[in-house]
Amino acid sequence: EGQMERAERQRKKRCSSILVKMWLSVLLLMLLSACGKREGILETELLPSEEQRLVIYTSHKREVWWPIVKEFEERSGIWTEVTEGGSNELLKRIAEESGQPKADLMFGGGVDTLKSSRELFAPCEPLGLSGIAPEFRDPNGYWTAFSALPVVLIYNTKLLEPGQLRGWEDLMRPMFQGKLAFADPAKSGSNFTALVTLCRVLAKQPGPDGEREVLKDFAAQLGGVLLDNSGDVMSTVADGKALAGITLEESALKGIAAGKNIALVYPAEGTSVIPDGSAVLRGARHRENAERFLEFVSGEDVQRLLQRRLCRRSVRKDAARLLEQAEGGVAFPALQELHPINYDLEEISMERDALLMSWEFYFGTPEGEEAGQ
């Protein structure tokens, strides 16, 4: 009898399970039917109107853009769609989409890179622009500065002693041949800036001839090793695959804070301090919202966040005051202590293509092939 009772209970349990599944299926079909009937209503209720949308292309890492975009959405009520990519990759995409742009704003990229593609952008002067320091403003309004990013050197603290790397000239010493971490300047806007800085500092004579000589020597010094991504520079040095590398102050400071085996060097000869920025696309469908975003990222709250959490320098005139308010932020050395070099954006944007062609020639990369492969 015990076996018969257990069998009967199991039978009832199976029947109950089947009935539950049948009812769930019926309910699901009813819901789908209701959704189909109310499709237009649902779209109207759930999807934002065109007046409440913004589409951003960004070269920033998620850790940078995510908190800023989410706070902007919270404060403005504007639904924001973000697509990530390398700055040069995104600029190429914007060029291909020109005439019918799918995005409204380019968020990120060195302003020298943005300036060289200014035909893709529309000049604008968002509210709050007066808060940005004059040296970080575009008089023609094609780009709006976001943060100031000095180019620096890093080295592996387990492989080098302090003082073995002091500046740009040291990178050309035999001990560093084939042991430098550097990313493809045709792909990375920050490494293009670094390459120009290297040329301007080390050229023994002004003009293209002097720069080409530096390009030739530096290409040979890399020993055929070129990284695809600027983000790989720090990890390559920290892992001991390279003795030293060229990167941005922000990346170096984050690596040190994370306990990586690296140290930061501000080059003794001086360096460039070029901001990255944002630019509104020509023909943007949501231009007003794009300008509201520019106003937001130029404001005190975001600029304070840069220095408190993101290891970036503010471009505002009151950056020193914001730094004092940024509890737990980085104690940046003053800009004048870095001996900023003259970095003529207009001149460099005009020379960009020629410089990259020379670089490809000296590095030995056939046109159309992946550098460093």
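Note that the coordinates shown come from a computational prediction; the quantities given were computed from them, not determined experimentally.

By the definition in use, this model includes one cavity of 30 Å³ or more. When its volume is computed, the largest cavity comes out at roughly 40 Å³. Lining the largest cavity we find Cys-124, Leu-129, Arg-137, Asp-138, Gly-141, Trp-143, Thr-144 and Ala-145. Residues of the lining of the largest cavity, tallied by class, amount to four nonpolar, two polar and two charged.

Turning to unusual backbone geometry, a few remarks are in order. Unlike most non-glycine residues, Cys-311 shows phi in positive territory, near 60 degrees. With respect to the secondary-structure elements, Cys-311 resides in the loop between α11 (300-309) and α12 (319-325). In this structure Cys-311 comes out as buried when scored by relative accessible area, which is 10%. Look at His-339: it is not a glycine, yet its phi comes out positive at around 55 degrees. Here His-339 shows up in the loop between α12 and α13 (345-363). What makes His-339 partly exposed here is its relative accessible area of 48%.

Within strand β3 (residues 105-110), six of the six residues are buried, leaving the element largely enclosed by the surrounding structure. Strand direction decides the pairing type here: strand β1 (residues 53-58) and β3, joined by three bridges, are parallel. Residue Tyr-57 lies in a different strand from β3, and its bridge partner there is Met-106.

Now for the side chain of Asp-112. Within the secondary structure layout, Asp-112 lies in helix α5 (residues 111-116). Among buried Asp, Glu, Lys and Arg side chains, Asp-112 stands out as unpaired, with Arg-352 the closest opposite charge at 5.7 Å. When near neighbours in sequence (up to four residues on either side) are disregarded, Asp-112 contacts Phe-192, Thr-193, Ile-274, Tyr-343, Leu-345 and Ser-349.

This part is about α11. For α11, the full list of buried residues reads Val-302, Gln-303, Arg-304, Leu-305, Leu-306 and Gln-307. Positive phi shows up at Cys-311, right after α11, with a value of about 60 degrees.

On to the confidence of the model for the protein. Across the protein, pLDDT averages 86, with 83% of residues at or above 70. Every residue in residues 366-373 is under pLDDT 50, and counting partners more than four places away or in other chains gives 12 contacts.

This model, assessed by the stated rule, comprises 10 aromatic pairs. An angle of 70 degrees between the planes, with centres 5.8 Å apart, marks the rings of Trp-65 and Trp-66 as edge-to-face. On the numbers, 5.5 Å between centres and 25 degrees between planes, the contact of Trp-359 with Phe-363 is stacked. On the criterion of helical spacing, the pair formed by Trp-359 and Phe-363 is a turn pair, its members being four residues apart in helix α13. Phe-363 carries the same exposure label as Trp-359, and that label is buried. For Arg-62, the ring lying beneath its charged end belongs to Trp-66, and the centroid distance is 4.1 Å. The ring of Phe-192 is capped by Arg-352, whose NZ or CZ atom sits 4.3 Å from the centre of that ring.

Interaxial distance between helix α10 (residues 287-298) and α11 falls to 4 Å at its minimum, and their mutual angle equals 50 degrees. Compared by their axis directions, α10 and α11 come out oblique. Taken together, the residues of α11 that come into contact with α10 (itself represented by Phe-296, Val-297 and Ser-298) are Glu-300, Val-302 and Gln-303. Grouping the amino acids of the contact of α10 with α11 by side-chain chemistry returns three nonpolar, two polar and one charged.

This next bit is on the layout of surface pockets. Empty space within the largest pocket amounts to approximately 820 Å³. Surrounding the largest pocket, 36 residues form its lining, Ser-59, Lys-61, Ser-188, Ser-190 and Ser-230 being those nearest its centre. Elements with a contribution of two residues or more to the lining of the largest pocket: α3 (62-76), α4 (87-96), β3, α6 (189-202), β6 (244-248), α9 (249-257) and β8 (273-280). Looking at the lining of the largest pocket, the element that brings in the most residues is α6, giving four residues. Here the second largest pocket defines a volume of roughly 480 Å³.

Cut-offs used in this document
- Residues numbered from 1 in each chain as written.
- Predicted model: local features only at pLDDT ≥ 70, side-chain atom pairs only at ≥ 80, totals over all residues.
- Heavy atoms only, no water.
- 1 Å grid on protein atoms, 1.4 Å probe; cavity = no way out; pocket = protein on both sides within 12 Å on 5 of 7 lines; lining within 4 Å.
- Points joined across faces, edges and corners; volume = space filled by probe spheres on them.
- Nonpolar A, V, L, I, M, F, W, Y, C, P; charged D, E, K, R; others polar.
- Helix = DSSP H or I, 4+ residues; strand = E, 2+ residues; numbered from the N terminus.
- Buried < 20%, exposed > 50% of the residue type's maximum accessible area, 1.4 Å probe, protein only.
- Pairing = 2+ DSSP bridges.
- Lys, Arg positive; Asp, Glu negative; His and termini not counted.
- Salt bridge = Lys/Arg side-chain N within 4 Å of Asp/Glu carboxyl O.
- Contact = heavy atoms within 4.5 Å.
- pLDDT = per-residue confidence, 0-100.
- Phe/Tyr/Trp six-rings, centres within 6.5 Å; stacked < 30°, edge-to-face > 60°.
- Lys NZ or Arg CZ within 6 Å of the ring centre and 35° of its normal.
- Axes fitted to C-alpha atoms, helices over the stretch in contact; angles between N-to-C directions.
- Parallel < 35°, antiparallel > 145°, perpendicular 65-115°, else oblique.

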